[in-house]
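Residue-level structural notes
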Number of protein chains: 2
Amino acid sequence: MAIVERKDRELHAKHAARAHDQRERILDAARRIVMREGLAALSMRKIADAIGYSPASLYLYFAGRDEIAEALGREGYAQLLAQLEPLTLIADARERLHALAHAYVAYGCDHPQTYELIFMAHKARSEHVGPAARRQRNALDAADAAGAPEAGAALACGVQLFAATLSVLTPASGARIDCAVLAQTLWATLHGVVMLTLARAGSQHVAPGLLIDTTLDAWFGARAAAATSPTAQAPGLAS
Amino acid sequence: MAIVERKDRELHAKHAARAHDQRERILDAARRIVMREGLAALSMRKIADAIGYSPASLYLYFAGRDEIAEALGREGYAQLLAQLEPLTLIADARERLHALAHAYVAYGCDHPQTYELIFMAHKARSEHVGPAARRQRNALDAADAAGAPEAGAALACGVQLFAATLSVLTPASGARIDCAVLAQTLWATLHGVVMLTLARAGSQHVAPGLLIDTTLDAWFGARAAAATSPTAQAPGLAS
DNA sequence: GTCTATATACTGATAGAC
DNA sequence: GTCTATCAGTATATAGAC
């Protein structure tokens, strides 16, 4: 009996590992497609072609296209947080906030497709969808209820990163401002900068880095110049 | 000869007017669909069904779906500007800026589909598209070159509205800031507030009006209270 | 001018053979 | 577990009859 149980366990573990590997293969292919052609171009057929599967087989590992996209979004969000987190170690609050803000926008501008994926989860849920997608959505909602982190909560957790730093800074204006609200406001600004930069809106375009600096300067006054290297900023952004 | 010419002119005018009417009918139907079901649900079939046409007939008046969507976007932008323009008459600069900012965000939040249309033109041009859409795009670019206002330039013109007001206000911080850059920054913030509000991102959501007030307070200090009606703000936003 | 009919190329998703 | 074959849609776009 013990032998049978052990064999059974091993078999299950093997299957689980294999299933996990297949999910990874699918996600890898999906990620490549989204990076190359954008989220809108992601389809089950393309993923299947990329890994030499039939479209039908994908449904053994994912409930549907939306679940794959959501998994990619979660990945992207973790990646964004991973880039921001080490910056919280910067001692000077002013510099820390500066670095966080620039890094956030740099990430969004450097990885537009990933950034889109991160915010897609919200839109997908509030949009009108066809009957098939609706069925799919119900399945996803059930998965959420079962313990998967809700995307809104995940994003809010990112805002905490800013709130902690903002709490030890005082605006140049005399206004007393709730630092949680200030964090949301800053986040909105950064999000807006990313969106406008990606949309290339406004013919005479202002560099995203300058927009961030302008906001922080308007809030807290110009930074003490020269004390720190003025060009040491997040990569990918000429400010 | 004169009679023939006149008849010819009349005939042309009649045809042009009729074509214009048909375009309007098509745009009306398209607008209704977008308002009800979102931009993604806009299709030639649905428009044709709505006005009792065959899909083929629509191609007599528009080059394709994208041209219809772009026309709607232009309409929406004009509508947005029309709502902002009267506010430029407010005498007090501080109040004027406040009213403009709230009205901008209110418009975006109250008309999410129209707001999406306004910004869609940019995305559509920078995204990967199929061969048919590419052909279509070339036609549109040609139309632009022929004199149609470019969407980027149009949006930039909206920013001028803010720049004019910002030029007569001084930030609470001592920082000297280019008012054109400040206008772009404010615009980014307002755009971000709209986007985040529409995405309902962040579980514990902060009211959009509060985010705007927080930005303006951080920039220029808290408003002189009580002097003006504190609740007289743009419609649709409980701040 | 408007239609029907059709071409072409997709999509997500499923049933059932192997 | 994977496949083929297919369903039931979607789309843009065009040719040719009336």
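For the structure, check the block above.
From a predicted model like this one, the values you see are computed outputs, not experimental measurements. (Residues numbered from 1 in each chain as written. Chains lettered and ligands numbered in written order. Predicted model: local features only at pLDDT ≥ 70, side-chain atom pairs only at ≥ 80, totals over all residues. Heavy atoms only, no water.)

1. Comments concerning the overall build of chain A
Scanning chain A from terminus to terminus reveals ten helices and zero strands. Shown N-terminal to C-terminal, the secondary structure of chain A runs as helices and strands in the order α-α-α-α-α-α-α-α-α-α. Counting over 239 residues, chain A shows a buried share of 44%. Long-range contacts, defined as pairs at least 24 residues apart, comprise 71% of the intrachain contacts of chain A with a sequence gap of at least 6. A total accessible area of about 11,900 Å² is found for chain A, and carbon and sulfur atoms account for 58% of it. (Helix = DSSP H or I, 4+ residues; strand = E, 2+ residues; numbered from the N terminus. Buried < 20%, exposed > 50% of the residue type's maximum accessible area, 1.4 Å probe, protein only. Contact = heavy atoms within 4.5 Å. Areas by Shrake-Rupley, 256 points an atom, 1.4 Å probe, with all protein chains shown as cover.)

2. Quick look at the protein's contact with DNA strand C
Close to DNA strand C lie 20 residues; A:Ser43, A:Arg65, B:Arg18, B:Ser57 and B:Tyr61 are nearest. The sugar-phosphate backbone supplies 60% of the atoms of DNA strand C found within 4 Å of the protein. Between a phosphate oxygen of DNA strand C and a side-chain N or O atom of B:Ser57, the distance comes to 2.8 Å. Within the contact set of DNA strand C, a phosphate oxygen lies 2.4 Å away from a side-chain nitrogen or oxygen of B:Tyr61. Going through the elements one at a time, α2 (44–51) and α7 (131–145) of chain A together with α1 (2–37) and α3 (55–58) of chain B are the ones with two or more residues in the surface near DNA strand C. (Near = heavy atom within 4 Å. Polar contact = N/O pair within 3.5 Å; in protein donor to acceptor, adjacent residues only side chain to side chain.)

3. Regarding helix α9 (residues 179–199) of chain A
Residue and element names in this part refer to chain A. Across its 21 residues, α9 extends 30 Å between first and last C-alpha, which sits within 8% of the 30 Å expected from 1.5 Å per residue. Counting buried residues along α9, 17 of its 21 residues qualify, which places the element largely inside the surrounding structure. By the N-cap criterion, in which a side-chain oxygen at the helix start approaches the backbone nitrogen of a residue two or three places on, α9 is capped by Asp178, the distance to Ala180 being 2.8 Å. Phi for Arg200, located one or two positions after α9, is positive at around 50 degrees. (Expected span 1.5 Å × (residues − 1).)

4. Overview of the protein's contact with DNA strand D
Residues in contact with DNA strand D amount to 21 residues; listed here are only the nearest, A:Ser54, A:Tyr61, B:Ser43, B:Tyr59 and B:Arg65. By atom count, sugar and phosphate contribute 61% of the portion of DNA strand D lying within 4 Å of the protein. Contacts to DNA strand D include A:Ser54, whose backbone N or O atom sits 2.9 Å from a phosphate oxygen. Contact distances for DNA strand D include 3.1 Å between a phosphate oxygen and a backbone N or O atom of B:Met44. Among the secondary structure elements, those contributing two or more residues to the surface near DNA strand D are α1 (2–37) and α3 (55–58) of chain A together with α2 (44–51) and α7 (131–145) of chain B. With three residues, the top contributor of residues to the surface near DNA strand D is α7(B). Per-class residue counts for the surface near DNA strand D are nine nonpolar, seven polar and five charged. (Nonpolar A, V, L, I, M, F, W, Y, C, P; charged D, E, K, R; others polar.)

5. Examining the packing of helix α5 (residues 93–110) of chain B against helix α10 (residues 208–220) of chain B
All names here are of chain B. Relative to each other, α5 and α10 sit at 150 degrees, their axes nearing to 10 Å. Considering how the two elements wind past one another, α5 and α10 form a crossing that is right-handed. Touching Arg94, Leu97, His98, Ala101, His102 and Val105 of α5 are Pro208, Gly209, Ile212, Asp213, Leu216, Asp217 and Phe220, all from α10. In terms of residue class, the contact of α5 with α10 is made up of seven nonpolar, three polar and three charged. (Axes fitted to C-alpha atoms, helices over the stretch in contact; angles between N-to-C directions. Left-handed = near helix turned anticlockwise from the far one by under 90°.)

Read these as geometric descriptors, not functional statements.
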